[in-house]
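Here are the chains, one letter per residue:
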Amino acid sequence: IMESTLKALRDGESVLDLSPRSTVSGGVEDVYGEDHATEDQLVTPWNFSVASGYSLLRDPQYNKGLAFTEKERDAHYLRGLLPPTVTSQQLQEKQWINNIRQYQVPLQKYMAMMELQASLFQLIIYTCGVGTQETNERLFYKLLVDNVEELLPIVYTPTVGEACQKYGSIFKRPQGLYISLKEKGKILEVLKNWPERSIQVIVVTDGERILGLGDLGCQGMGIPVGKLALYTALGGVRPSACLPITIDVGTNNEKLLNDEFYIGLRQKRATGKEYSELLHEFMTAVKQNYGEKVLVQFEDFANHNAFELLAKYGTTHLVFNDDIQGTASVVLAGVVAALKLIGGNLADHTFLFLGAGEAGTGIAELIALEMSKQTKTPIEETRKKIWLVDSKGLIVSSRKASLQHFKKPWAHEHDPVDSLLNAVKVIKPTILIGSSGVGKQFTKEVIEAVTSINDKPLVMALSNPTSQSECTAEEAYHWSEGRAIFASGSPFDPVEYKGKVYYSGQANNAYIFPGFGLGLVISGAIRVHDDMLLAASEALAKQVSEENYKKGLIYPPFSDIRKISANIAAHVAAKAYELGLATRLPRPQNLLKYAESCMYTPVYRNYR
């Protein structure tokens, strides 16, 4: 009975409708939150099986551990499978956060959180009692929502970088889907192996450029898993509507190829036609299986593939590259907010970037686009306010013939400059942005040089993880004598300098992509447009309060992230309707309230 019931669930049959989800063409759901269900609709598979109790405790989506009520224990054959105490989700949350805080090593905290989260493929039961582990999806997200500032660095950057590096050693059971060259010609069948049919957001990586750590091959799965955890916790997208995918085409990392614990294909990376054919089959299968409104987020692809995939599928699929577009949107928001502290309009400032890859050029392009929009000036002109430095020095017109295509728009007329320090001296930027993926590049001389030009220089060291940051908060404040406005990609503690405490902002993509994705989902958008990214940036910048500004912050606190995400979702959805890209009709009258009503909340529900 249990097997047939679960098969019916996987096949989308109505015999066990766990939430009132109606299905439209392509299998994309039209009702978004499980919380829309009325209590008497909350039927579980275990209503239909005498042997249900043990199976219920093994399923992270429905397990509540000691929080099952007396009535639920009788109804679902749980008597004897749990200790007699009935506790609350709040007490469980308190116990778990206390347990996690006892770990001294961030990776241990990460592993504890991942064990609690589990997945549809992680049906493992631990003794359910205070102080012991259990798989419990709602408790995982409740912990993350209520302790986001503390746990965000654990489930995502910087700790997720170390987790990916050691993924083979800490791997216990699969999370998400692994699609390798072995599955070529059968990718649609592989997608159908995933037990959830109604997927709204896919995060996919090929593991070639994981954070600033390089090629981690199949072990990059930690990135899609971490991103989707934030889609749910911060953006309110249902966990069951999220699908992490790693595409394994091999790795050029010799250390991994020689590692007996490596979990991926042991071969050099496929390139050219073999690579593009596999990706095209994947994108075609995704659209065929999940419909046109499923969001595919490309994550941590190498530059040459990232730009090509975004350009190729941006006109045919709902695709988003967080490294290019999400980073650009969150940095633009920080720059716009910072104008209240450093003065002037966007067009009054000169930008200098260290790093001309997908992040650097993506940020530069969005800033130029916003500048063009504000000044009614062609973007070709506003780009001239933005300069980029790569490994060979300042990008100038004399280098154009040898530049990659995405760098060419930034090759301005200027004599060659060989270093960042010399570029600062001749370009005289008011805003310095690092997206190089190489640590310690904002040296004391560089910070002192940019400070000598500006009363309040804006310095953004964006590279992740912390070890790859262009400089630390302490270095920025000390070397600028407390004058810099500083933000970074990874978090830094407050810094005391000459008796004053300085707070640095975190230009974390988690401000943008969860709310951005929610906005696409609730509007039924079929394409991503640059104006949606601008709308997200403007919405985020408006969330910075006067109290934040007084501390020198250019981003709001993460403790307000659910409210921030709802605001971003409403602005993105509004832009989708304005552009004629939304399919959910009629348009809700109040998009903010609608966004809030669609957000998944990880509180326990009562099962009948």
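Predicted, not measured: the structure shown is a model, and the values here were computed from it.

**Q** Just checking my understanding: could you explain the overall build of the chain for this structure?
**A** Secondary structure summary: the chain contains 25 helices and 14 strands in total. Sorting the 608 residues of the chain into buried and exposed places 61% on the buried side. For the chain, the accessible surface area stands at approximately 23,700 Å², while carbon and sulfur atoms represent 50% of it.

**Q** I would appreciate a short explanation of the UniProt feature "active site" (unreviewed entry) in the chain in the present structure.
**A** As recorded in UniProt, the sites labelled "active site" (unreviewed entry) are Tyr156 and Lys227. With the annotated positions falling across 72 residues, the maximum pairwise C-alpha distance of 7.4 Å places them together in a single cluster. For Tyr156, the location among the structural elements is in the loop between α7 (148–155) and α8 (159–165). Since its relative accessible area comes to 5%, Tyr156 is described here as buried. In this structure Tyr156 touches Leu211, Ile223, Gly226, Lys227, Leu230 and Glu299, once residues within four positions along its chain are discounted. Mapped onto the secondary structure, Lys227 falls in helix α11 (residues 222–233). Judged by its relative accessible area of 2%, Lys227 is buried. The residues contacting Lys227, other than those within four sequence positions of it, are Tyr156, Val203, Gln297, Glu299, Asp322, Asn509 and Phe513.

**Q** How should the packing of aromatic side chains be read in this particular structure?
**A** For any pair of aromatic rings, geometry is given as the distance between the ring centres together with the angle between the planes. Tallying each qualifying case throughout the model produces 12 aromatic pairs. Note on Phe298 and Phe301: the rings are 5.7 Å apart at their centroids and 85 degrees apart in plane angle, and the pair reads as edge-to-face. In this structure Phe298 comes out as buried when scored by relative accessible area, which is 1%. Of the residues examined, Phe301 reaches a relative accessible area of 0% and is grouped as buried. Between the aromatic rings of Phe320 and Phe516, the centroid separation amounts to 4.9 Å while the plane-to-plane angle is 25 degrees, which identifies the pairing as stacked.

**Q** How should I be thinking about unusual backbone geometry in this particular structure?
**A** Glycine aside, residues mostly have negative phi angles, and peptide bonds mostly take the trans form. Looking along the chain, the bond that leaves Leu585 and enters Pro586 is cis, with omega of -5 degrees. The topology assignment puts Pro586 in the loop between α24 (561–578) and α25 (591–598). In the Ramachandran plot, Tyr77 falls in the positive-phi region, its phi being about 60 degrees despite a non-glycine side chain. Accessibility expressed as a relative area gives 43% for Tyr77, which makes it partly exposed.

**Q** Is there a simple way to explain the nonpolar core in this structure?
**A** A general trend in soluble globular proteins is that nonpolar side chains are found buried together. Counting residues in hydrophobic clusters, the biggest one holds 120 residues, and the most contacted among them are Tyr231, Phe351, Ile367, Met460, Phe516 and Ile554. Among the elements that make up this core, the one with the highest residue count is helix α15 (residues 322–342) (11 residues). Apart from the residues within four sequence positions on either side, Phe516 is in contact with Phe320, Val528, Met532, Leu533, Ala536, Ile568 and Val572. Leu177, Ile199, Ala270 and Val319 belong to the second-largest nonpolar core, a separate cluster that totals 36 residues.

**Q** What should I look at first to understand the pairing of strand β6 (residues 351–354) in this one?
**A** Looking down a regular strand, the side chains alternate between one sheet face and the other. The alternating pattern of β6 places Phe351 and Phe353 and Leu352 and Leu354 on opposite faces, both of which are buried. Relative to strand β7 (residues 386–390), β6 runs parallel, the two sharing 4 bridges. Along β7, the bridge assignment pairs Leu354 with Val389. In this sheet, strand β9 (residues 431–434) lies alongside β6 in parallel orientation, the contact comprising 4 bridges. Across the sheet, the residue bridging to Phe353 is Ile433, located in β9.

**Q** When you look at the environment of Pro494 in this model, what are you seeing that I'm missing?
**A** For Pro494, the location among the structural elements is in the loop between β11 (485–488) and β12 (495–497). C-alpha of Pro494 to C-alpha of Ala473: the two residues are 21 residues apart in sequence and 7.9 Å apart in space. With residues up to four places along the chain from it excluded, the contact list for Pro494 reads Val501, Tyr502 and Tyr503.

**Q** How should the confidence of the model for the chain be read in this particular structure?
**A** Detailed reading of the predicted model is not advised wherever pLDDT is low. Chain-level statistics for the chain give a pLDDT mean of 87 and a share of 87% at 70 or above. Per-residue pLDDT stays below 50 along residues 4–41; that stretch engages in 89 contacts with residues further than four places along the chain or on separate chains. Of the regions scoring below 50 in pLDDT, residues 119–133 engages in 46 contacts with residues more than four places distant in sequence or in other chains.

**Q** I would appreciate a short explanation of the sheet that holds β9 in the present structure.
**A** Two modes of strand pairing occur in sheets, parallel and antiparallel, and in both the strands are linked by backbone hydrogen bonds. Sheet architecture is open: 7 strands sit in the order β8-β7-β6-β9-β10-β11-β14, paired in mixed fashion. On the outer flanks of this sheet lie β8 (393–394) and β14 (505–506), each paired with one strand and no other. Of the strand pairs in this sheet, β7 and β8 are connected by 2 bridges, and their pairing is antiparallel. Residue pairing in the sheet places Asp390 in a bridge with Gly393 of β8. Sheet strands touched by α15: β6, β9, β10 (458–461) and β11. Its angle to β10, the strand with the most contacts, is close to 155 degrees. Packing of helix α18 (residues 420–427) onto the sheet brings it into contact with β6, β7, β8 and β9, and relative to β6 it is tilted by some 175 degrees.

**Q** Explanation requested: the sheet that holds strand β3 (residues 242–248) in the structure shown.
**A** In space, the 5 strands of this open sheet follow the order β1-β3-β2-β4-β5, with parallel pairing throughout. Looking at the sheet topology across the chains shown, the edges are occupied by β1 (177–180) and β5 (319–321). Between one strand axis and the next, the sheet turns through 25 degrees on average, direction left out of account. Pairing geometry for β1 and β3, over 4 bridges, is parallel.

**Q** Is there a simple way to think about the environment of Ile485 in this case?
**A** Turning to its location among the elements, Ile485 is positioned in strand β11. A residue is classified by how much of its surface remains accessible, and Ile485, at 8% relative accessible area, is buried. For the pair formed by Ile485 and Pro457, sequence separation is 28 residues and the distance between their alpha carbons is 6.2 Å. When neighbours within four sequence positions are excluded, Ile485 is seen to be in contact with Leu341, Ile342, Pro457, Leu458, Val459, Gly552 and Ile554.

The rules behind each value
- Counting restarts for each chain, with residues numbered from 1 along the sequence as it is written.
- Selection of residues for local features in this predicted model requires a pLDDT of at least 70, selection of side-chain atom pairs for listing and counting requires 80 or more, and totals for whole chains, interfaces and linings are taken over all residues.
- Computation of side-chain values: all heavy atoms of the structure, hydrogens and water removed.
- Helix and strand assignments come from DSSP, with helices taken as H or I runs of at least 4 residues and strands as E runs of at least 2, each series counted from the N terminus.
- Relative accessibility under 20% of the residue-type maximum defines a buried residue, over 50% an exposed one, and the middle range a partly exposed one, all with a 1.4 Å probe and only protein chains included.
- In short, Shrake-Rupley with a 1.4 Å probe defines the accessible areas, and a residue's cover is counted only from the protein chains shown.
- UniProt positions are given in the numbering used here, feature names are shortened, and annotations may be inferred rather than shown by experiment.
- The contact criterion used throughout is that any non-hydrogen atoms of two residues lie within 4.5 Å.
- Only Phe, Tyr and Trp rings take part, Trp by its six-membered ring, and two of them pair if their centres are within 6.5 Å. Stacked means planes under 30 degrees apart, edge-to-face means over 60, and tilted covers everything else.
- Working definition of a nonpolar core: buried Ala, Val, Leu, Ile, Met, Phe, Trp, Tyr and Cys residues. They are joined through side-chain atoms within 4.5 Å.
- Only strands that DSSP links by at least two bridges are regarded as paired with each other.
- Known as pLDDT, the predictor's confidence for each residue is given on a scale from 0 to 100.
- All axes here are fitted lines through C-alpha atoms, helices being fitted over the stretch that makes contact, and every angle between N-to-C directions spans 0 to 180 degrees.

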